[in-house]
Amino acid sequence: TYYRPLESPYLSHIEGDMFSEIENPKLLVVDDCINSIEDIIPVLNYTVKNKTPLVIMANDYHSNFYESIHKNIFHGSIDVRNFCFVKTPNENDRMTESLIDIVKCSKSKLMSISNEGTKLKDFTPDCLGELKMFRTNNVETTFIFTEEGGKIAEKITKDLEESIKGKEGSLRDR
């Protein structure tokens, strides 16, 4: 769970309620700003064709992207019960590490538009990760990983806790 809210009230399932919950969605993680819907057309085509729920997590979204998504929602091309987008967890030095952890736990690939890494234009279905459940509201976003992803998350958490304990111990020894 991290504290970044739902990006748009038009993505909520219940009118007037800023909440979205999606079971078994695919996850697209983008270490970049998505400028327009054209950046993700191959991903949308794949998920619509295969009736696969989709969650997108990116560093940011340009206003052109918001406008295009909202138009597609209003015209019925995108079903808000099976689609959501959120921003990445942090806006600090830990952001890239958080993204890498989410990529590992969801078994996805870190995608990019202009940065280093796998480019969105080279999308293939194996770039998408898997979640057991996705929830977001006007305060926080929660990923519930698959069983295998949960085990990876537990290991990451344990390693992080051990790293913190090691740093605390070395500070006390000074």
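The structure under discussion appears in the preceding block.
Residues numbered from 1 in each chain as written. Predicted model: local features only at pLDDT ≥ 70, side-chain atom pairs only at ≥ 80, totals over all residues. Heavy atoms only, no water.

*Asks:* So what exactly am I meant to see when it comes to the packing of aromatic side chains here?
*Replies:* Working definition: an aromatic ring pair is given by the centre-to-centre distance plus the angle between the planes. Applying the stated criterion to the full structure yields 9 aromatic pairs. Between Tyr61 and Phe65, the aromatic rings sit 5.1 Å apart at their centres with planes inclined by 25°, giving stacked as the arrangement. Across the pair, Phe65 and Tyr61 agree in class, each one buried. (Phe/Tyr/Trp six-rings, centres within 6.5 Å; stacked < 30°, edge-to-face > 60°. Buried < 20%, exposed > 50% of the residue type's maximum accessible area, 1.4 Å probe, protein only.)

*Asks:* Where do I start with the nonpolar core in this structure?
*Replies:* Among soluble globular proteins, nonpolar side chains are generally buried collectively. In terms of nonpolar packing, the biggest core is built from 24 residues, with Leu28, Ile40 and Ile56 touching the most fellow members. For this core, the secondary structure elements donating two or more residues are strand 2 (26-34), helix 1 (41-49), strand 3 (54-61), helix 2 (63-74) and strand 4 (83-87). Not counting residues up to four positions away in its chain, the partners in contact with Ile56 are Leu28, Ile34, Ile40, Tyr61, Phe83, Cys84, Phe85 and Val86. If you look at the next biggest cluster of nonpolar residues, it comprises 16 residues, including Val55, Val86, Cys105 and Leu131. (Core = buried A, V, L, I, M, F, W, Y, C linked by side-chain atoms within 4.5 Å. Helix = DSSP H or I, 4+ residues; strand = E, 2+ residues; numbered from the N terminus. Contact = heavy atoms within 4.5 Å.)

*Asks:* Please clarify how the layout of surface pockets should be interpreted in this entry.
*Replies:* Over the atoms a probe the size of a water molecule is rolled, and this reveals where empty space is left. Of the volumes computed, that of the second largest pocket is approximately 200 Å³. Together, Leu44, Thr47, Val48, Lys51, Thr52, Pro53, Leu54, Ser77, Ile78, Asp79, Asn82 and Phe83 line the second largest pocket. Considering each element in turn, the lining of the second largest pocket owes the most residues, 3 residues, to helix 1. Split into classes, the residues belonging to the lining of the second largest pocket amount to 6 nonpolar, 4 polar and 2 charged. (1 Å grid on protein atoms, 1.4 Å probe; cavity = no way out; pocket = protein on both sides within 12 Å on 5 of 7 lines; lining within 4 Å. Points joined across faces, edges and corners; volume = space filled by probe spheres on them. Nonpolar A, V, L, I, M, F, W, Y, C, P; charged D, E, K, R; others polar.)

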